[in-house]
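Read off the chains here:
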Amino acid sequence: MHEIRYVAIGDSFSEGVGDELPDGTVRGWADLTALGWANALGTPISYANLAIRGKLARPIVEEQLEPALALHPTHLSFNGGGNDMLRPRTTIESIADAFSTVLRRCDEEGVRLVLLSGANPSAQLPFRSLIQRRGDELSRAVVARIADRPDVIRALNWPDRELSHPSFWSPDRLHMNARGHHRVAARLLGSLGHPAPGEWWSMPAQSPADAVRGLAYYREHVGPWVRRRLTGRSSGDGRAPKFGDWITIEPAVA
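This is a predicted model, so every value here is computed, not measured.

Definitions and cut-offs
Residues numbered from 1 in each chain as written. Predicted model: local features only at pLDDT ≥ 70, side-chain atom pairs only at ≥ 80, totals over all residues. Heavy atoms only, no water. Pairing = 2+ DSSP bridges. Helix = DSSP H or I, 4+ residues; strand = E, 2+ residues; numbered from the N terminus. Axes fitted to C-alpha atoms, helices over the stretch in contact; angles between N-to-C directions. Expected span 1.5 Å × (residues − 1). Bend = angle between axes of the 7 residues up to and from the residue. Buried < 20%, exposed > 50% of the residue type's maximum accessible area, 1.4 Å probe, protein only. Contact = heavy atoms within 4.5 Å. Salt bridge = Lys/Arg side-chain N within 4 Å of Asp/Glu carboxyl O. Right-handed = clockwise from strand over helix to strand, strands pointing away.

1. Observations concerning the sheet that holds strand β6 (residues 243-249)
- Spatial strand order, β5-β4-β3-β1-β2-β6: six strands in an open sheet with mixed pairing. Here the strands that pair on one side only, and so sit at the sheet edges, are β5 (153-156) and β6. Taken pair by pair, the neighbouring strands of this sheet meet at an average axis angle of 20°, ignoring direction.
- The pairing of strand β1 (residues 5-9) with strand β3 (residues 75-78) spans four bridges and is parallel.

2. Re helix α3 (residues 57-69)
- An ideal rise of 1.5 Å per residue puts 18 Å on 13 residues; α3 measures up with 17 Å between its terminal C-alpha atoms.
- At Glu 63, α3 shows its largest bend, some 30°, and a proline, Pro 67, comes one to four positions later.
- Here α3 has its buried residues at Ala 57, Ile 60, Val 61, Gln 64, Leu 65, Ala 68 and Leu 69.
- Each element contacted by the buried residues of α3 is listed here: β1, β3, α4 (82-85) and α5 (92-109).

3. Quick look at unusual backbone geometry
- With a phi close to 60°, His 72 is a non-glycine residue in the positive phi region.
- The exposed category is assigned to His 72, whose relative accessible area is 55%.
- Despite not being glycine, Arg 173 shows a phi value in the positive range, around 65°.
- In this structure, Arg 173 sits in the loop between β5 and α7 (178-191).

4. Some points on helix α6 (residues 128-145)
- Counted at 1.5 Å a residue, the expected span for α6 with its 18 residues is 26 Å, and the 26 Å between its end C-alpha atoms agrees.
- Ile 131, Arg 134, Gly 135, Leu 138, Ser 139, Ala 141 and Val 142 are the residues of α6 that are buried.

5. Structural notes on the pattern of salt bridges
- Applying the stated criterion across every chain, the model contains 17 salt bridges.
- Between Asp 19 and Arg 27 there is a salt bridge; the shortest N-O distance is 2.8 Å.
- Look at Arg 27 and you get partly exposed, because its relative accessible area is 24%.
- Put simply, Glu 66, Arg 104, Arg 105, Glu 108 and Glu 109 are held in one network by salt bridges that share partners.

6. A few points about the pairing of strand β4 (residues 112-117)
- Burial runs high along β4: five of the six residues are buried.
- In this structure, β3 lies alongside β4, joined through four bridges in parallel fashion. The residue of β4 that forms the bridge with His 75 is Arg 112.
- Following the chain from β4 across α6 to the adjacent parallel β5, one finds a crossover that is right-handed.

Following this line, the structure appears as structure tokens:
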């Protein structure tokens, strides 16, 4: 087993949705961070990713946390609450409680917690003022829970105003594209004490030709989301983690 054993838990943000490779699989910031970490150390690391799209904060904790800890990681990254924020009846404190639970269990198991906030997509979404307000409230609530814990590694993306620009987001306007995921990975690597490749901070913008606008956007992206809410389904139903056990990430050959 390698010295660094890094496992990610969460929802679509941590799974990597929006950063699709040519074969249709998703990559995302956690995969990129694992590679950048191995490159910075010059040695292989162990990596697992149990995140599944569509998950609420509490199910992430209930379904992913203990299997992740059972792998005996050295580091565990957690993000959640993005899906909860879109449900106005869910309280901000109940979402923040999930973060406290993860921190407590990591403390008990001697695992270093890596805490991320998602980026802010509100400027380009319906109900933008509601999403902005609840995202601000969640960010403050979570930061308050770890105010006295300098040992918690933090990569806070919600305050990054540049990351809110449409050029960092997928056509659905809710998930970041490859450009966005690279910027998040760059921030996390910096928090881990390793500089990321400079181009990761602002890769060339993708062509806007695939952007969906007007009523077509609502038909293609908003409508399916509403139908899932009304029927109690999730985009992650029936999905297994992409890396449910350790894989080895080798440093790239220079």
